[in-house]
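Residue strings, one per chain:
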Amino acid sequence: MRIDREQLLRLATFWLRPDFILRVAARFQKIAGFDRAIALASSALTALIPLTIFVAAVLPADGSGSADRIIRRYELTGKGATAVQDAFAPSSDVDTRIGFFGAILLLVAVLSFTRAAQRLFEQTWELPSLSVRNTLNGLKWVAGLVLYTTLTGTIHGAIDRGLAELVATFVLTPLSVGFFVWSGWVLSARRISLRDLLPFGIVAALLLALYQVGAAVYVPHMFNTYAGRYGVIGAVFAMISALFGLMVAVVGSAALGREVRVELDNIRDGIRPSDDEVRKQWDIIIAQTREYWAQAREQYEAFRARRRERRADKQPPPSP
């Protein structure tokens, strides 16, 4: 099948036109995107480690299994691998039993994470907050999250070998689309339709795939560096940094997915800018970019001229 380059160019310029990008940026700013991402990363971390310790207390072999999966997934070595092993699989002389109050705190931490994710969908789609009234759906989502991460981790462990990282990511993308769409549907208490969530699911799955490829390169260095400086707590710093990057991608996907759905609805209703209007927007951006570039070059040339003058002033006068 022959690819129509002109049609692809028109499609790209339509979706990347300035007013649409500004709408996405405004949506991201409206939901306080970076604050929302750090809140999600923090609550995910506070729920992840206690949950892992709890599972390790019930199934003692699972703690080391979780650590081993992280080590194999990111090919950690040296201090990074040791820090992860110590964080997720404490030594046998440490009492990891969880009492009644510990279980309550664990439940609170997990539900705090679910409510943080729930607020992302409520704010992005401008829905009234359900707060604790959506607790049951939050618990269902946690169960689905555990199943999803276990399944994807198993698949990555089975076929993740060098360049096969791309194969694993490609295989898991449809599964990720389904999980993200289902997540928005459950956490919003079915107030957002699956159709409205589909653009978010596709964008989030693609960004997750790109993030995983980048994380496979950078995360091992980050774990080893932080563990070398701070020990076991360095693994925690590395995890929250990695989670923050992941949550920025998820929050950005929610903002972009919402605006894509709005744009698709406008197109269906016959409301869309003409090709001439899109071309005018790009012409304005190109003209402004050229103007800023010319100003920057002038300022740079003026800076170089001032430096040459100062150097000339510092030169000693010629001897008679």
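Residues numbered from 1 in each chain as written. Predicted model: local features only at pLDDT ≥ 70, side-chain atom pairs only at ≥ 80, totals over all residues. Heavy atoms only, no water.

Participant: Describe the overall build of the protein, with residues and values.
Facilitator: Across its full length, the protein holds 11 helices and 0 strands. Start at the N end of the protein and walk to the C end: the helices and strands fall as α-α-α-α-α-α-α-α-α-α-α. Taken across its 320 residues, the protein has 36% of its residues classed as buried. Taking all contacts inside the protein whose residues are at least 6 apart in sequence as the whole, residues at least 24 apart take part in 79%. As displayed, the protein has an accessible area near 19,400 Å², and 65% of this comes from carbon and sulfur atoms. (Helix = DSSP H or I, 4+ residues; strand = E, 2+ residues; numbered from the N terminus. Buried < 20%, exposed > 50% of the residue type's maximum accessible area, 1.4 Å probe, protein only. Contact = heavy atoms within 4.5 Å. Areas by Shrake-Rupley, 256 points an atom, 1.4 Å probe, with all protein chains shown as cover.)

Participant: Explain the side chain of Glu259 to me, and be specific about the residues and the numbers.
Facilitator: In this structure, Glu259 sits in helix H10 (residues 232-268). Excluding residues that lie within four positions of it along the chain, Glu259 makes contacts with Phe20, Arg23, Val24 and Arg27.

Participant: Explain the packing of aromatic side chains to me, using residue names and the numbers behind them.
Facilitator: The final tally for this structure, using the stated rule, is 9 aromatic pairs. Centre to centre, the rings of Phe179 and Trp182 are 6.3 Å apart; their planes meet at 40°, and the pair counts as tilted. Of this pair, Phe179 and Trp182 are both found in helix H8 (residues 164-187), 3 residues apart, which corresponds to roughly one turn of the helix. Taken together, the ring pairs connect Phe121, Trp125, Tyr148, Phe179, Phe180, Trp182 and Phe200 into an aromatic cluster. The residue whose ring lies beneath Arg190 is Trp185, and the NZ or CZ to ring-centre distance is 4.8 Å. (Phe/Tyr/Trp six-rings, centres within 6.5 Å; stacked < 30°, edge-to-face > 60°. Lys NZ or Arg CZ within 6 Å of the ring centre and 35° of its normal.)

Participant: Which residues make up the packing of helix H2 (residues 18-30) against H10, and what are the values?
Facilitator: Following both chains from N to C, one finds H2 and H10 inclined at 130°, their axes separated by 9 Å at the closest point. In terms of orientation, H2 lies oblique with respect to H10. The hand of the H2/H10 crossing is right-handed. In this structure, H2 uses Phe20, Arg23, Val24, Arg27 and Phe28 to contact H10, whose residues at the interface are Val251, Gly252, Ala255, Leu256, Arg258, Glu259, Val260, Val262 and Glu263. Looking at the contact of H2 with H10 residue by residue, the class counts come to 8 nonpolar, 1 polar and 5 charged. (Axes fitted to C-alpha atoms, helices over the stretch in contact; angles between N-to-C directions. Parallel < 35°, antiparallel > 145°, perpendicular 65-115°, else oblique. Left-handed = near helix turned anticlockwise from the far one by under 90°. Nonpolar A, V, L, I, M, F, W, Y, C, P; charged D, E, K, R; others polar.)

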